[in-house]
Amino acid sequence: YPRWGVLDPTKNPKWLDWYDGSVRGEKVDQRFIYELTGDVLRICMVFEQSGTPRPAEFATDSDLPLAILTFRRDKLPPPAGEKALPG
């Protein structure tokens, strides 16, 4: 089934809600927060399921079992055999 996320940048910290495509509009997960700074995206999630509150901050020293994922956007090198443009 297709799945998708919805970002809410108006919250502090920013929220990421995860939806399940098997039932249109059904929220599956509200255990995520995120921050995007330049080319770095950080996502914090709680490992426990139903009834667990969304994390309030990017910290792993609380009693909640949290995971913090960090993604960095980099430029891709040119395909093999193509010359890179200067600059």
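It should be noted that the structure appears before, not after, this text.
### Structural notes on the pattern of salt bridges
Going through the model one piece at a time under the given rule, you end up with 3 salt bridges. Residue R54 pairs with D17 through a salt bridge whose shortest N-O separation is 2.8 Å. Note that R54 is positioned in the loop between β4 (40-46) and β5 (66-72) and D17 in strand β2 (residues 14-20), a separation of 37 residues in sequence. The residues R54 and D17 share a single accessibility class, namely buried. Of the charged contacts, one joins E35 and R42 as a salt bridge, the two residues approaching to 2.8 Å between their closest N and O atoms.

### Regarding the packing of aromatic side chains
Geometrically, a pair of aromatic rings is defined through the distance of the ring centres and the angle of the planes. Per the stated rule, a full pass over the model turns up 0 aromatic pairs. The residue whose ring lies beneath K11 is W15, and the NZ or CZ to ring-centre distance is 4.7 Å. Here the basic side chain of R54 rests over the ring of W15, its NZ or CZ set 3.8 Å away from the ring centre.

### As for unusual backbone geometry
Across the junction of N12 and P13, the peptide omega takes the value 0°, indicating a cis bond. By the element assignment, P13 lies in the loop between β1 (3-8) and β2.

### Structural notes on the side chain of D17
With a relative accessible area of 9%, D17 lands in the buried category. There is a polar contact of 2.8 Å between the side chain of D17 and the side chain of R54.

Each value, and the rule that gives it
Residues numbered from 1 in each chain as written. Predicted model: local features only at pLDDT ≥ 70, side-chain atom pairs only at ≥ 80, totals over all residues. Heavy atoms only, no water. Salt bridge = Lys/Arg side-chain N within 4 Å of Asp/Glu carboxyl O. Helix = DSSP H or I, 4+ residues; strand = E, 2+ residues; numbered from the N terminus. Buried < 20%, exposed > 50% of the residue type's maximum accessible area, 1.4 Å probe, protein only. Phe/Tyr/Trp six-rings, centres within 6.5 Å; stacked < 30°, edge-to-face > 60°. Lys NZ or Arg CZ within 6 Å of the ring centre and 35° of its normal. Polar contact = N/O pair within 3.5 Å; in protein donor to acceptor, adjacent residues only side chain to side chain.

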